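Structural overview
The primary structure of each chain is shown beneath.
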Amino acid sequence: MKDIERELRKCRRSLSICGISVIALGLWCVAKAVLNSILNQTVLDTMLNKISFNKLPLLKSESETITFTVYLASALVLVFELGLRVYVGLTAISESHGTKRRPVYIVLTVIIDGLILISLLPSVISTIFSRGFLLTKIASLLLDITSFAVLTELAVNAIKLRIYLKRFEAAAVSAPGTDVSGQEV
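Residues numbered from 1 in each chain as written. Predicted model: local features only at pLDDT ≥ 70, side-chain atom pairs only at ≥ 80, totals over all residues. Heavy atoms only, no water.

1. Observations regarding the packing of helix α1 (residues 2–39) against helix α5 (residues 134–174)
Between α1 and α5, the shortest axis-to-axis distance is 8 Å and the interhelical angle comes to 150 degrees. As summarised for this structure, α1 and α5 are arranged roughly antiparallel, according to the angle between their axes. Where α1 crosses over α5, the handedness of that crossing is left-handed. Here the contact of α1 with α5 is built from residues that sort into 18 nonpolar, 7 polar and 8 charged. (Axes fitted to C-alpha atoms, helices over the stretch in contact; angles between N-to-C directions. Helix = DSSP H or I, 4+ residues; strand = E, 2+ residues; numbered from the N terminus. Parallel < 35°, antiparallel > 145°, perpendicular 65-115°, else oblique. Left-handed = near helix turned anticlockwise from the far one by under 90°. Nonpolar A, V, L, I, M, F, W, Y, C, P; charged D, E, K, R; others polar.)

2. Remarks on the environment of Val 86
Summarising the element assignment, Val 86 is placed in helix α3 (residues 60–96). For Val 86 and Val 22, which are 64 residues apart along the polypeptide, the C-alpha to C-alpha distance reads 7.3 Å.

3. Quick word on the environment of Val 104
Relative to the assigned elements, Val 104 resides in helix α4 (residues 104–128). Residue classification places Val 104 among the partly exposed residues on the basis of a relative accessible area of 35%. Spatially, the C-alpha atom of Val 104 lies 9.5 Å from that of Thr 91, the residues being 13 residues apart in sequence. (Buried < 20%, exposed > 50% of the residue type's maximum accessible area, 1.4 Å probe, protein only.)

4. Considerations on a nonpolar patch on the surface
The grouping of Leu 121, Val 124, Ile 125, Ile 128 and Phe 129 at the surface amounts to a nonpolar patch, some 530 Å² of accessible area in total. Within the secondary structure, Val 124 is located in helix α4. By relative accessible area, which is 34% here, Val 124 ends up partly exposed. (Patch = residues over 30% accessible without salt bridge, like charges linked within 9 Å, V, L, I, M, F, W, Y side chains within 5 Å. Areas by Shrake-Rupley, 256 points an atom, 1.4 Å probe, with all protein chains shown as cover. Salt bridge = Lys/Arg side-chain N within 4 Å of Asp/Glu carboxyl O.)

5. Quick notes on the confidence of the model for the protein chain
Keep in mind that low pLDDT regions are not for reading the predicted coordinates in detail. The pLDDT averaged across the protein chain works out to 83; a share of 81% of its residues lies at or above 70. Of all the helices and strands in the protein chain, strand β1 (residues 52–53) carries the lowest mean pLDDT, 50, while α4 carries the highest, 91. (pLDDT = per-residue confidence, 0-100.)

6. Thoughts on the side chain of Thr 91
In this fold, Thr 91 is placed in helix α3. Look past the residues within four positions of Thr 91 in its chain and what remains in contact with it is Arg 101 and Tyr 105. (Contact = heavy atoms within 4.5 Å.)

7. Things to note about the nonpolar core
Among the nonpolar cores identified, the biggest contains 26 residues, and Leu 8, Leu 15, Tyr 105 and Leu 154 are the most heavily contacted of them. The set of elements that each furnish at least two residues to this core consists of α1, α3, α4 and α5. Once you skip the residues sitting within four places of it in the chain, Leu 154 turns out to touch Leu 15, Cys 18, Gly 19, Val 22, Val 88, Ala 92, Tyr 105 and Thr 109. (Core = buried A, V, L, I, M, F, W, Y, C linked by side-chain atoms within 4.5 Å.)

8. Points about the environment of Cys 11
Locating Cys 11 in the fold gives a position in helix α1. For Cys 11, a relative accessible area of 2% puts it in the buried group. Placed 145 residues apart in sequence, Cys 11 and Val 156 show a C-alpha to C-alpha distance of 9.1 Å. Excluding its chain neighbours within four sequence positions, the residues that come into contact with Cys 11 are Asn 157, Lys 160, Leu 161 and Tyr 164.

9. Comments concerning the pattern of salt bridges
Following the criterion strictly, the structure yields 4 salt bridges and no others. A salt bridge links Asp 3 to Arg 6, with the shortest nitrogen-to-oxygen separation between them at 3.1 Å. Highlighted residues: Asp 3 and Arg 6, both in helix α1, separated by 3 residues, approximately one helical turn. A relative accessible area of 48% means that Asp 3 is categorised as partly exposed. Look at Arg 6 and you get partly exposed, because its relative accessible area is 45%. Salt-bridge contacts for Glu 95 lead to Arg 162; the nearest nitrogen and oxygen are separated by 3.1 Å. A residue pair is termed long-range when its members are at least 10 positions apart, and Glu 95 in helix α3 and Arg 162 in helix α5 qualify at 67 residues.

Spelled out as structure tokens, the structure:
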């Protein structure tokens, strides 16, 4: 019974820390994307100047509309990603404090983790064959790897917490006078 309680405390602590980390890394990803868009605005302008409709050069107002649309779509994707990460982080923190939560956040964690894993291969290739801004690419790659590791740790601890809670409840039924929530009394 003491072993299960110790493992429960350990899982709860790790789950809480991972939840906070997921939120912090989500904020950092948004900041990184905003900074990249500000620094790479000339690249977008160059690409838009090469676009033509019906063999006519792109007019300035159309270029501005397309630029605005690209930035708006990017902002919506960033807000959605940050919203998912905040939801996952806050739900993990909540569950670490003893609130019974649905497993939706664990599924979302695995999905986000899978998407990060898929994006890691192009990031690694880009970093290997990079000619300029190598330190920036390495830092971005390390951020993605850290985010992947934290999300993996969160999912593992959430599943372990549920397993230990079931074991604790089963042990508590056989030992009267214990709190079945797994919280310290």
